[in-house]
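Commentary on secondary and tertiary structure
In case you want the letters, here they are:
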Amino acid sequence: MVVAFLGDVVGSVGRRAVAHAVPVLRERHAVTQVIVNGENSRQGAGITPDNFRELLRSGVHAVTLGDHVYKDRAILPVLEDPEQPISRPANLSMEAPGKRIIRLSSPGVDSPPLYVVTVLGRIFMSIPSDNPFAVVDREIGAIREQNAMVIVEVHGETTSEKQAMAWHCVQRWTSSGAARVVAVVGTHTHVQTADARIIDNCLAAITDLGMSGPHRGVIGRSAEATVRAMAQQYPVPLDVASDDLRACGVVLRLDAVSRRAISIEAVAISCRA
């Protein structure tokens, strides 16, 4: 099974970058499933039902969200719909609206089901959330299919917290048990890290996938406006940038029999604005 996971989609230009990248991923890497973090799809913060449907039309199979999950409340009915492949962070309150986990259908008859669960980091994050380690254990422990594979996404600020989650999953969810974690990927910082690796010959990990959107700017925002805001402490709108579009993420090759990651490759696919 070959799975692509792309980082935070920023604005309409990010959606365009994803639409360009999907057929490239299929041609170059024989990707069968595409997952994206879509929490910045709506003008750089949040996601609308139309944004979500546009991503699906471009060939995306599942959309995860982060701390901007409720920026546009029009997405709530979609989040609550059990048939829609979109989820909110699982370690928000149990009373928060939206699904906590996504189950993707197997691309082949004999392929195991693939689950995706997202948790928010707690270090330097302003939104209150529950213990991400305990919540990952809770969500994976609730999966009843004996042959399931799981990808965990940590939407957080620090590399240390994301690396710790990878080691936690190696220790708890790669040996015995009904479900096995095959990858732990990080999102939120919008900067792709250079640490893609396989841990203990079983779990793929990277601390940040990077951003799908405009790279001529500051994490997707206008460079001029961001510099003015930071250097002069001047309140200006931080509009989404428009140039140097790239879809960043990883391609995961998974062994469906042993339920282990074979390889992880960081990708950055450029497209014209």
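Quick look at the structure, then. (Residues numbered from 1 in each chain as written. Predicted model: local features only at pLDDT ≥ 70, side-chain atom pairs only at ≥ 80, totals over all residues. Heavy atoms only, no water.)

The next point concerns the overall build of the chain. Counting secondary structure elements, the chain contains six helices and 14 strands. On C-alpha atoms alone, the chain measures out to a radius of gyration of 17 Å, which is about the 19 Å that the 2.2 N^0.38 rule sets for 273 residues. Expressed along its principal axes, the backbone C-alpha trace of the chain runs to roughly 55 × 40 × 35 Å. Burial status across the chain gives 55% buried among its 273 residues. Put simply, the chain shows about 11500 Å² of open surface, and 49% of that area lies on carbon and sulfur atoms. Counting 28 positive and 28 negative side-chain charges, the chain places the averaged centre of each group 1 Å from the other. (Helix = DSSP H or I, 4+ residues; strand = E, 2+ residues; numbered from the N terminus. Rg over C-alpha atoms; globule rule 2.2 N^0.38 Å. Buried < 20%, exposed > 50% of the residue type's maximum accessible area, 1.4 Å probe, protein only. Areas by Shrake-Rupley, 256 points an atom, 1.4 Å probe, with all protein chains shown as cover. Lys, Arg positive; Asp, Glu negative; His and termini not counted. Charge placed at Lys NZ, Arg CZ, Asp CG, Glu CD.)

This brings us to helix α4 (residues 132-141). When α4 is considered as a whole, its buried residues turn out to be P132, V135, V136, D137, E139 and I140. Here the buried face of α4 lies against β7 (114-120), β8 (149-155), α5 (159-173) and β9 (180-187). The N-terminus of α4 is capped by N131, whose side-chain oxygen sits 2.9 Å from the backbone nitrogen of F133. (Contact = heavy atoms within 4.5 Å. Polar contact = N/O pair within 3.5 Å; in protein donor to acceptor, adjacent residues only side chain to side chain.)

What follows covers the pairing of strand β11 (residues 203-206). Of the two faces of β11, the one lined by L203 and A205 and the one lined by A204 and I206 are each fully buried. Where β9 and β11 come together, three bridges link them in parallel fashion. Bridging across to β11, V185 finds its partner in I206. The sheet contact formed by strand β10 (residues 197-199) and β11 spans three bridges and is antiparallel. (Pairing = 2+ DSSP bridges.)

Here we take up the nonpolar core. Core analysis: the biggest nonpolar cluster contains 36 residues, and V18, L25, V36, I47, V60, V63 and I86 have the highest contact counts within it. Secondary-structure elements contributing two or more residues to this core are β1 (2-6), α1 (11-29), β3 (33-37), α2 (49-57), α3 (76-80), β13 (245-255) and β14 (260-271). Beyond its immediate chain neighbours, meaning those up to four positions away, I47 contacts G38, E39, S41, R42, F52, L55, V63, L65, D72, I75 and I86. In this structure, A166, C169, A179 and A205 belong to the second largest nonpolar core, which totals 24 residues. (Core = buried A, V, L, I, M, F, W, Y, C linked by side-chain atoms within 4.5 Å.)

The next thing to look at is α2. Every buried residue of α2 is accounted for by P49, N51, F52 and L55. Angularly, the buried residues of α2 cover 160 degrees about the axis, an arc narrow enough to put them on a single face. Structurally, α2 contributes buried residues whose contacts are with α1, β3, β4 (62-64), α3 and β5 (86-87). One or two residues past the end of α2 sits G59, with phi positive at roughly 110 degrees. (Arc of directions from axis to C-beta.)

What follows concerns the sheet that holds β8. Pairing between the strands of a sheet comes from backbone hydrogen bonds, and it takes one of two forms, parallel or antiparallel. Across the sheet, six strands lie side by side as β6-β7-β8-β9-β11-β10; this open sheet has mixed pairing. Of all strands in the sheet, those bounded by a partner on one side alone are β6 (102-104) and β10. Pairs of neighbouring strands in the sheet enclose a mean axial angle of 25 degrees, with direction left out of account. Strand direction decides the pairing type here: β8 and β9, joined by seven bridges, are parallel. (Axes fitted to C-alpha atoms, helices over the stretch in contact; angles between N-to-C directions.)

In this structure, Q43 takes a positive phi of about 50 degrees despite not being glycine. With respect to the secondary-structure elements, Q43 resides in the loop between β3 and α2. Assessed through its relative accessible area of 67%, Q43 is described here as exposed. Despite not being glycine, H190 has its phi angle at roughly 70 degrees, a positive value. Tracing the chain through its elements places H190 in the loop between β9 and β10.

Going through the model one piece at a time under the given rule, you end up with ten salt bridges. Among the salt bridges present, the one from E54 reaches R15, with a minimum N-O distance of 2.8 Å. Of this pair, E54 sits in helix α2 while R15 sits in helix α1, placing them 39 residues apart in sequence. R15 sits in the buried class, given a relative accessible area of 13%. Close ionic contact of K162 with D208 constitutes a salt bridge, the shortest N to O distance being 3.0 Å. (Salt bridge = Lys/Arg side-chain N within 4 Å of Asp/Glu carboxyl O.)

Turning next to the side chain of H188. Along the chain, H188 falls in the loop between β9 and β10. On the basis of relative accessibility, which here comes to 15%, the residue H188 falls in the buried class. One polar contact links H188 to H155, side chain to side chain, over a distance of 3.1 Å. Discounting residues that sit within four places of it in the chain, H188 has contacts with D8, E39, D67, M125, H155, G156, E157 and D208.

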